[in-house]
Amino acid sequence: MIKKSYQYLQFELEQAIGILTIDREDKLNALNSDLIEELRSFLQEISDKPLSGMILTGAGEKSFIAGADIAAMTEMSPKQAQDFAFCGQHVTLMIEELRFPVVAAVNGFSLGGGLEMALACDYIYATQNALFGLPEVSLGLIPGFGGTQRLSKIIGRHRAKQLIYSGRKIKIDEAKRIGLVLEDFESKDQMLKQIKNELSKLQHNSPHAIGVAKTVINKGADLSVEEGLEIEKSQFAQLFDSYDMQEGTKAFIEKRKAEFKGK
Ligand code: COA
């Protein structure tokens, strides 16, 4: 399914569920420019594949992603930093725009760019040793891969400001309490098993409809309710032209299981 080979990425496929692992374990999976370029290339490659869902995780037990590569950033000019932010932001947009659900499986540190990658996923599950934060201001920086925008939308502007101004790192209990993390697990293995199980259950539903729901929810997050309702209405109507809608409704009437094709 994936033709290119990548230095910092591992990809496995199990029954149409992809598991993408960021693999730079000696640096706690910190994101350098090469890794970000690989992510862009990989996400481009995977975007038209018929997956039921994908899991994003980090190699090892200690870290999901410990942020953008600080050592590399010390060498950057403002122009290079702008390109770096552009590419990192592009990765987050590509994740959001995938037509299938993407779950962040956070195994340990999820700091800076690591939290920003997780925020671009559809939702976040985490192990009990997970630690979250946007500590950029402690380096004289601000989040540059979407954190100033997405964190507010997920946990609310005031909580986001408090976390970003302080650079405070939060543990799993607080991350769950504020709605950043949906579920926690004792081990990475347990977490991956549970997510695979949940994603495989989505295979009973229309992949096309799930993709449209994802797009409408994401687009609506940036709009007024009225503007969002317009998009919902138009996408709802367009589904009446889809194979999956014809099949799903017919199968209900005929009291049989629907055979969806994702179109
Ligand atoms: N960028 C570059 N390298 C990083 C990194 C990052 N964001 N995070 C960790 N590393 C590297 C360390 O430099 C170290 O490399 P070395 O073995 O060559 O010295 C290696 O990963 C292991 O990290 P270390 O700091 O020894 O592990 P630790 O368990 O003591 O601490 C952290 C873990 C995550 C608390 C600590 O590494 C840290 O604070 N990292 C930076 C987090 C951050 O500010 N991220 C936002 C960046 S914008």
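It should be emphasised that the depicted structure is a prediction, and the values quoted were computed from it without experimental measurement.

Conventions used here
Residues numbered from 1 in each chain as written. Predicted model: local features only at pLDDT ≥ 70, side-chain atom pairs only at ≥ 80, totals over all residues. Heavy atoms only, no water. Helix = DSSP H or I, 4+ residues; strand = E, 2+ residues; numbered from the N terminus. Rg over C-alpha atoms; globule rule 2.2 N^0.38 Å. Buried < 20%, exposed > 50% of the residue type's maximum accessible area, 1.4 Å probe, protein only. Contact = heavy atoms within 4.5 Å. Pairing = 2+ DSSP bridges. Axes fitted to C-alpha atoms, helices over the stretch in contact; angles between N-to-C directions. Domains from an automatic or database assignment. Buried area = accessible area lost by both parts, 1.4 Å probe. Salt bridge = Lys/Arg side-chain N within 4 Å of Asp/Glu carboxyl O. Polar contact = N/O pair within 3.5 Å; in protein donor to acceptor, adjacent residues only side chain to side chain. Patch = residues over 30% accessible without salt bridge, like charges linked within 9 Å, V, L, I, M, F, W, Y side chains within 5 Å. Areas by Shrake-Rupley, 256 points an atom, 1.4 Å probe, with all protein chains shown as cover. Lys, Arg positive; Asp, Glu negative; His and termini not counted. Charge placed at Lys NZ, Arg CZ, Asp CG, Glu CD. Near = heavy atom within 4 Å. Nonpolar A, V, L, I, M, F, W, Y, C, P; charged D, E, K, R; others polar.

S.K.: With reference to specific residues and values, describe the overall build of the protein.
M.R.: Broken down by element type, the protein carries eleven helices and ten strands. Its C-alpha atoms give the protein a radius of gyration of 19 Å, near enough to 18 Å, the size a compact globule of 263 residues would have. With respect to the three principal axes, the spread of C-alpha positions in the protein is 60 × 40 × 35 Å. Taking all 263 residues of the protein together, 44% fall into the buried category.

S.K.: Quick one: what's the story with the environment of Pro-143, residue by residue and with numbers?
M.R.: Examined against the element boundaries, Pro-143 turns out to sit in the loop between strand S8 (131-133) and helix H5 (147-155). Taking the C-alpha atoms as reference, Pro-143 lies 18 Å from Met-94; in sequence the two are 49 residues apart. For Pro-143, the residues in contact, after removing those within four places along its chain, are Glu-116, Leu-134, Glu-136, Thr-148 and Ile-164.

S.K.: Tell me what's going on with the sheet that holds strand S3 (residues 53-58), and back it up with residues and numbers.
M.R.: Strand order in the open sheet formed by six strands is S1-S2-S3-S5-S7-S10, with mixed pairing between adjacent strands. The sheet is open, and its two edges are formed by strand S1 (9-14) and strand S10 (183-185), each paired on a single side. Averaged over all adjacent pairs, the angle separating strand axes in this sheet is 20 degrees, with direction ignored. The pairing of S3 with strand S5 (residues 102-106) spans three bridges and is parallel. Residue pairing across strands places Leu-56 opposite Ala-104, the latter belonging to S5.

S.K.: So, the domain arrangement of the protein: which residues are in play, and what are the values?
M.R.: Accessible area lost upon the coming together of the parts is a frequently used measure of interface size. In terms of domains, the protein is made up of domain 1 (9-203) and domain 2 (205-253). Between the C-alpha centres of domain 1 and domain 2 the distance comes to 27 Å. Across the boundary between the two partners, domain 1 contributes eleven residues, which contact eleven residues of domain 2. When domain 1 packs against domain 2, the two sides together hide about 790 Å² of surface, and 39% of this comes from carbon and sulfur. In terms of surface lost to domain 2, no three residues of domain 1 exceed Arg-99, Lys-153 and Leu-202, which account for 58% of the buried area on that side. The interface formed by domain 1 and domain 2 includes two salt bridges. Residue Lys-153 is joined to Asp-222 by a salt bridge in which the shortest nitrogen-to-oxygen separation is 2.7 Å. At the boundary of domain 1 and domain 2, one finds nine residue pairs in polar contact (both at pLDDT 80 or more).

S.K.: Outline a negative patch on the surface, supporting the account with residue identities and numerical values.
M.R.: A cluster of acidic residues, Glu-25, Asp-26, Glu-61 and Asp-189, forms a negative patch at the surface. Take Glu-61: it is sitting in the loop between S3 and strand S4 (63-65).

S.K.: Got a sec to walk through the site of the ligand? Specific residues and values, please.
M.R.: Close to the ligand lie 16 residues; Lys-27, Lys-62, Ala-66, Ala-68 and Ile-70 are nearest. Lys-62 is positioned such that a nitrogen or oxygen atom in its side chain is 2.7 Å from an oxygen atom of the ligand. In this structure, a nitrogen atom belonging to the ligand sits 2.9 Å away from a main-chain N or O atom of Ala-68. For the ligand, the accessible surface in isolation is 860 Å², of which the surrounding protein chains cover 60%. Of all the secondary structure elements, the ones that give two or more residues to the shell around the ligand are helix H2 (70-73) and strand S6 (109-111). Residues belonging to the shell around the ligand are distributed by class as follows: ten nonpolar, one polar and five charged.

S.K.: Lay out a nonpolar patch on the surface in plain terms, naming residues and giving numbers.
M.R.: Nonpolar side chains collect at one region of the surface, where Ile-70, Leu-139 and Leu-141 lie side by side and expose about 250 Å² of accessible area between them. By secondary structure assignment, the location of Ile-70 is in helix H2. We classify Ile-70 as partly exposed; its relative accessible area is 43%.

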